[in-house]
Amino acid sequence: MTDLFGDTEPLGPAREDLAPGAVVLHGRALALQDDLLAAVDAVAAEAPFRRMVTPGGFRMSVAMTNCGTAGWVTDRKGYRYSPTDPETGKPWPAMPSAFLRLAAAAAAEAGFPGFVPDACLINRYEPGARLSLHQDRDERDFGQPIVSVSLGLPATFQFGGQKRADPVRKVALRHGDVVVWGGPSRLFFHGVLALKDGEHPATGRTRINLTLRKAL
Ligand code: MD3
Ligand code: FE
């Protein structure tokens, strides 16, 4: 990558357009990492991480919890948003203000002003955990973007197209990266390859991903 002065950017450009509507803001969450990780711990103290079961009867390798007005859940009956945690029967913890502020700022920088998420799915990957190719289509308004925040160990993200059979690109997502998925890419197929083992100073042997959505 070379700028107009002929200088290189050893860490790559801060902003990378992946596809129409899909923008990576490299390192955008770094300044907030301590607040974000403290908020994840506070949410998980009220609504512990758990590995949910899919409608097909498989236990997911990724452990999940939620905060906000609604949380994404799966069980033998299907995928849906629930106002309460099925494990405790209580409402999900409130959306931390650091999540709201980062999501709104990132969405605006990517061209989606006025984003106010009401749901945050928190995914925790341990070595070997993966997310197979899927679409996010349990939300009401696909005109709303999704903001994802990667923390801890790096992962290889797969980004396809509108059809499951479309070719996929591999994109490395690292600690502090924020991605905004809106417009034409909102319904693109995507997944995460099995997490490679490693140790990260901020999270240990795990990767945390926040997925902020307007679900309702
Ligand atoms: C592309 N999470 O929770 S975030 C998910 O890293 C999910 O944990 C992944 O996919 C993770 O549903 C990927 C990136 C992401 C999120 C939503 C998208 C990419 C997307 C929606 C449309 C297209
Ligand atoms: Fe997804």
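The chain appears in an unreviewed UniProt entry as Alpha-ketoglutarate-dependent dioxygenase AlkB from Thalassobaculum fulvum. Quoted verbatim from the Catalytic activity (unreviewed entry) field of the UniProt record, the comment on the chain reads "a methylated nucleobase within DNA + 2-oxoglutarate + O2 = a nucleobase within DNA + formaldehyde + succinate + CO2". Quoted verbatim from the Sequence similarities (unreviewed entry) field of the UniProt record, the comment on the chain reads "Belongs to the alkB family."

## A few points about the UniProt feature "binding site: 2-oxoglutarate" (unreviewed entry) in the chain
When the UniProt feature table is mapped onto this chain, "binding site: 2-oxoglutarate" (unreviewed entry) is found at Asn123, Arg124, Tyr125, Arg207, Ile208, Asn209, Leu210, Thr211, Leu212 and Arg213. Lining residues of the largest pocket drawn from the annotated list: Asn123, Tyr125, Arg207, Asn209, Thr211 and Arg213. Summarising the element assignment, asparagine 123 is placed in strand 6 (residues 119–125). Given the relative accessible area of 3%, asparagine 123 is considered buried. Every residue in contact with asparagine 123, bar those within four places of it in the chain, is listed here: Phe49, Val62, Ala63, Met64, Arg207, Ile208, Asn209 and Thr211. Apart from residues lying up to four places away in sequence, leucine 212 is in contact with Met95, Phe99, Ala103, Phe115, Pro117, Ala119, Cys120, Pro145, Ile146, Val147 and Val149.

## Examining the pattern of salt bridges
Note on pairing: side chains with opposite charge can pair once their charged atoms come close. Taken as a whole and assessed by the stated rule, the structure comprises twelve salt bridges. Across the pair lysine 214 and aspartate 118 runs a salt bridge whose closest N-O atoms are separated by 3.7 Å. Remark: aspartate 118 occurs in the loop between helix 2 (97–109) and strand 6 and lysine 214 occurs in the segment after strand 13 (207–213); sequence separation between them is 96 residues. Residue classification places aspartate 118 among the buried residues on the basis of a relative accessible area of 12%.

## A look at the sheet that holds strand 11 (residues 178–181)
The strand order across the open sheet formed by seven strands is 1-2-11-8-13-6-3, and the pairing between neighbours is antiparallel. Whereas interior strands pair on both sides, the edge strands pair on one side only; in this sheet they are strand 1 (15–19) and strand 3 (63–68). Taking the axes of each pair of neighbouring strands and ignoring which way they run, one obtains an average angle of 20 degrees across the sheet. As judged from the four bridges shared by strand 8 (residues 146–152) and strand 11, these two strands associate in the antiparallel manner. Bridge pairing in strand 11 links valine 147 to valine 180.

What counts, and at which threshold
Residues numbered from 1 in each chain as written. Chains lettered and ligands numbered in written order. Predicted model: local features only at pLDDT ≥ 70, side-chain atom pairs only at ≥ 80, totals over all residues. Heavy atoms only, no water. UniProt positions renumbered as here; feature names shortened; annotations may be inferred. 1 Å grid on protein atoms, 1.4 Å probe; cavity = no way out; pocket = protein on both sides within 12 Å on 5 of 7 lines; lining within 4 Å. Helix = DSSP H or I, 4+ residues; strand = E, 2+ residues; numbered from the N terminus. Buried < 20%, exposed > 50% of the residue type's maximum accessible area, 1.4 Å probe, protein only. Contact = heavy atoms within 4.5 Å. Salt bridge = Lys/Arg side-chain N within 4 Å of Asp/Glu carboxyl O. Pairing = 2+ DSSP bridges. Axes fitted to C-alpha atoms, helices over the stretch in contact; angles between N-to-C directions.

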